Structures are given as structure tokens and as C-alpha cells.
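# Summary of the model geometry
Chain by chain, the residues run as shown.
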2 protein chains.
Amino acid sequence: MSDPRPIGVFDSGVGGLTVLREIIRRAPGESTIYLGDNARAPYGIRPDEEVLSFSTQSLDALVERDVKALVVACNTSTAVGLLSFRRRYDLPVLGVIRPGAAAASLATRNRRVGVIATPATIRSHAYFNAIKDENPAVEVYEHATPALVPLVEAGQLTGPTAEATVAEALAPLIGGRDADGESIFPLPPGASIDTLLLGCTHYPLLGPILARLAGEGVAIVDSATATASALVELLKVNGLERGDPGVGSGHVQLTTGDPARFADLAGRLFGTDFPTVESVELGALAR
Amino acid sequence: MSDPRPIGVFDSGVGGLTVLREIIRRAPGESTIYLGDNARAPYGIRPDEEVLSFSTQSLDALVERDVKALVVACNTSTAVGLLSFRRRYDLPVLGVIRPGAAAASLATRNRRVGVIATPATIRSHAYFNAIKDENPAVEVYEHATPALVPLVEAGQLTGPTAEATVAEALAPLIGGRDADGESIFPLPPGASIDTLLLGCTHYPLLGPILARLAGEGVAIVDSATATASALVELLKVNGLERGDPGVGSGHVQLTTGDPARFADLAGRLFGTDFPTVESVELGALAR
């Protein structure tokens, strides 16, 4: 069996390109269509209903382009809507949360995992539950870090602003205290996490800063790599692989925002990996 | 490491004894405390809030008895409340849905799985989602069968009433039609499931009837065995095993209902497996 149709990958913005990059690395023969809803990013600070309706519009647009599988490369959308998407589409729909949770539960040795993500993802406790599903004895400390996506979407991956913003976001989880000196995480005295799960596909782009601030004793796990591996396995197990590796595969990136701005940002974040950017119109685009 | 504390196992009634039986078979050195909320069974027809509050009362009673892990051997409770229980207790909490879903997704060859469960479990789509998590390309056909738990709780595992009730409950999934000849399941014409997941711990006791009605081409998967295996793995991976296998382990069954009635029913369903039945009072027992 083989299936030449492209894989659809969706994110609120450019963060999901970390997942797309890993997919293309692992399955170079596959075609892909990426849709970034940049006009309405970031999703993580929006109410659940908006995340659900914006995501559904975006995924509808990918399904109209005859994809064979959908990757929801947005943690917020996965947390809020994966069940809904799976009921709506007669296609395999893969989220980023479970693969990331599986990787984190395998990485921890002291059974204490910290999760940073957008407020919507944290609110859903989707990572908490997914990690507990992998190993119910792992303690999970969740922390919302709303300042990081805007940082990435602005292309600020280095420099004093990025450093300060990441340090502030990470402080409670690493230090166990918030800005007022109050302990936020219910970590036992003297205990600490040994694994930090980046519960947002934008965050791997801040990897170097995060790793330095977290320190050598903390393993950094991100879901992009794990999700790409899970997708490759999904295609193989279900006979959905393209068949002719490397021959005539194509990749196109769609954005609801300004294509020139998307191309510029993707270039700054990923170099020359994603050259083909086109504009897409979603029906009745609400903001 | 070793941990002599008992394992707590909870169900709305006696159905969870199918899970307990498998746990004792696989981990004969462990002690167990089972709690059946028989006074308020069945849960599957109750609103979510009642399922949640009744389950929490029951699990609180097990935690007060210093268990080292909790098994929610009730699909309805797992579907409605697993996340809530995991946030409430500082203990590993294992549900029955994920292990059952994993077994079903491995069993199917044509990627069409039928799930029968209580209305509350089906309403949650917890099995749908858990099977999709295992393999997003598997089609899941869910069907609520509220008549089966009362049958088991009444000890009616054979005979004309049991046969007729099971046949009626299973008809839409096997035949693709309900009593009025309307197709309930969105199975493609000519297609059929090759795996039937028993999404309720009571149902394995109706196994012989279910297997005969489903036919030879349909694999019957139940969550009791899978959950017991998952628990044994959980204890091992996290250093929670008892340590002295077979020496002084004990098993007690608690019921919110009439102990004599529980013992009689357990005897009819399981023979002499569960001799020690005691009454338990839960705080402010609402019905």
C-alpha cells in the first residue's frame, strides 16, 4: 500500500515548523502542507471556544486540500480540541501532547517532571494527565509561561530581552519561588525536577537559553521530535506511506497572515528550510 | 525497595472483582483492599457529578486505610473522574480505560473496533480517544449498553433473560441495526468490526454469551487483564512491590451495601475467590 497524498500540519503560528522540520527529516519522501494561523496567533491566551473554532477552520482548510493525515502541531489546540477534531474528520489526527508526555516520562529518573506551556494548555491539565497515563507515579509540576510564544513569533531567540523573559518564566519551576518569594510548585523541600518538558512547539527554538537556565541536571524534552517519530510510525503501521521516496515530494506553507512576514520570520528561525509560503483565506475569518 | 502497604481497588459494585482476580493472579504476594459501592450501584446511569462525588468518597475511604496505589476498576468512574482523582491523591492512580484501549488497538486487524460500555462511559468518549491515542487510524464504534450491569449485579450470567438482554444490547453493533431496523453505527456498507472491547469491568462475566453472539471473527478484549498487567508493571517500575511474596498477604472486600448479599453474589460469580467481606460506612452516604 502507498498513499501519495500530503500530510497536513497545523499550528497557530510558526512554532509548529519545529514539528514539520522533524517530519521532513524523518520522512523525506512525504509531501506536506503546513498551515499557520498567524493572523490570530497566539492561541494560548484565548478562551477554549475560540481556540476550538479557529483550529477547526484551519484544519478544514487542510482537509479540503486532500491530506491523508492531520498533525495538530499546536499544544493549545491539541489540549483543547483533539477529541473534537478526531470526531470531526475521517482521517488519522495526531496531537503533540501524548508523544511529548511519553518522552518525558521515559526521561525522568527522580520521577519529577516540570511542564511549561501556554495558559490554555496548562488549564486543560492535558500534559499532567498524559504523563500520569504513562506512569501514574511520576509527579508533574505544571507552569503557564504566556510570555514565550510572543517572543518566538517576534523572532527574538537571543539577546537580553529573550534571556530576561525566559529567566522570569522559568524561575518558579527551577527556583521553586515566584517573584514575591512564594513557592508556586508543591515540590517537597529540597526536591527538584530532573526533566523539563517544553509543552509548546515554539519553545524548542528557545532551547539554548532554556537549557542553560535549567542547568545540567535537568533533561530538556520537547514534543516536536517525539511527534514526528509517532507520525512516521503511524504512516508505516497503517500503510499510509508515500511509496516513492524523494521523487516529486513537495512542501508548501500556508499562512492566514502576511506571507512575506511569515517567510521572513521562518527564515530568521529556520534558515532556508521553508521557502514556499502562500496566503490562505479561511471562511469568515474572525479575530 | 519494597512497600508492604495494600493495593486499593475500587468499583461501583462487584464488576471490579474481575480486575482484582487478575491482580491477585499476577501479584500473589500483594495485599489488597477492595471497595464496592454496592449501595449506590450502578453508576453508569448516573449524572457525572454524582459519579464523581460517590467515587471520591469511596477512594477517600481506601486512602484512609493507607494503600500504596489506587486502581479505579470502574470504567464509568475512570472516564468521568480519573484526572480529578489523580489531582486529589498523592498516590499512583490507575484507570481501566487506557489498558483496555491499548489491548483493543493491538487486537484489531481491519482497524474497526466496537466498544460497549455504560452510558456515562460512552458519553465521555474516553475509549474513543484512548484508542485513537494508540492508533489514530483505527475506527471506533461506541455503543451504550445500560442493561448489562444490572444483569451481572443480579447474578444472571446465563439463561434466557441473560441471552435476550445481551443479544438486544449487541444487535446494533453486530448487525448494524437497532430494534427499529435503523442503522446506528456509521459502519460502511458491508464492513464490520473485528474486535469488541468490553468497556465495563462487569462485562467479562458475560463473556461466553458475548463471544457466541459476536461470532468467531470478532476478538473479545476486556480491560481487567490488561489493567492488572499494567498495575504489576507500575509497581515494578516504581519500586512499590511488596517484597515478601506470599508471606502474610491479605485480601479484604468492603461494601457500602449488605455484606451478606455481596458475599452471596461474589460467590455466585467467582466461587470461593473472595471470602472476606466487611461493611464500610462512607461519610454522609447520599443515594
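The helix and strand tally for chain A stands at 11 helices and 10 strands. The C-alpha radius of gyration computed for chain A amounts to 18 Å, which stays within 12% of the reference 19 Å derived for 287 residues, consistent with globular compactness. With respect to the principal axes defined by its C-alpha atoms, chain A has extents near 55 × 40 × 35 Å. For chain A, buried positions account for 54% of its 287 residues. For chain A, long-range pairs separated by at least 24 residues make up 75% of all intrachain contacts whose partners lie at least 6 apart in sequence.

Here the focus is the domain arrangement of chain A. All names here are of chain A. Here the domain parsing of chain A yields domain 1 (7–96 + 225–279) and domain 2 (98–223). Each of domain 1 and domain 2 was reduced to a C-alpha centroid, and the two centroids are 23 Å apart. Contacts between domain 1 and domain 2 engage 31 residues on the former and 26 residues on the latter. Counting only elements with at least two residues in the side of domain 1 that touches domain 2, the list comes to α1 (17–26), α2 (48–64), α3 (75–88), α10 (223–237) and α11 (259–270). Element by element, the count of residues in the side of domain 1 that touches domain 2 is highest for α3, at 5 residues. Across the side of domain 1 that touches domain 2, the residue classes break down as 16 nonpolar, 11 polar and 4 charged.

Superposition of the two copies of the chain requires a rotation about an axis together with a shift along that axis. Aligned on chain A, chain B shows an RMSD of 0.0 Å; the corresponding rotation is 180° and the shift along the axis is 0.0 Å. Overall, the copies show the geometry of a two-fold rotation axis. When C-alpha positions in chain B are compared against the rotation axis, the closest is assigned to B:Ala130, at 5.3 Å. Looking at chain B, 100% of its interface residues are interface residues in chain A too, so the copies touch through the same face.

Reading guide: rules and limits
- Residues numbered from 1 in each chain as written.
- Chains lettered and ligands numbered in written order.
- Predicted model: local features only at pLDDT ≥ 70, side-chain atom pairs only at ≥ 80, totals over all residues.
- Helix = DSSP H or I, 4+ residues; strand = E, 2+ residues; numbered from the N terminus.
- Rg over C-alpha atoms; globule rule 2.2 N^0.38 Å.
- Buried ≥ 20, exposed ≤ 12 C-beta atoms within 10 Å, placed from the backbone.
- Contact = placed C-beta atoms within 7 Å.
- Domains from an automatic or database assignment.
- Nonpolar A, V, L, I, M, F, W, Y, C, P; charged D, E, K, R; others polar.
- Least-squares fit on C-alpha atoms with pLDDT ≥ 70 in both.

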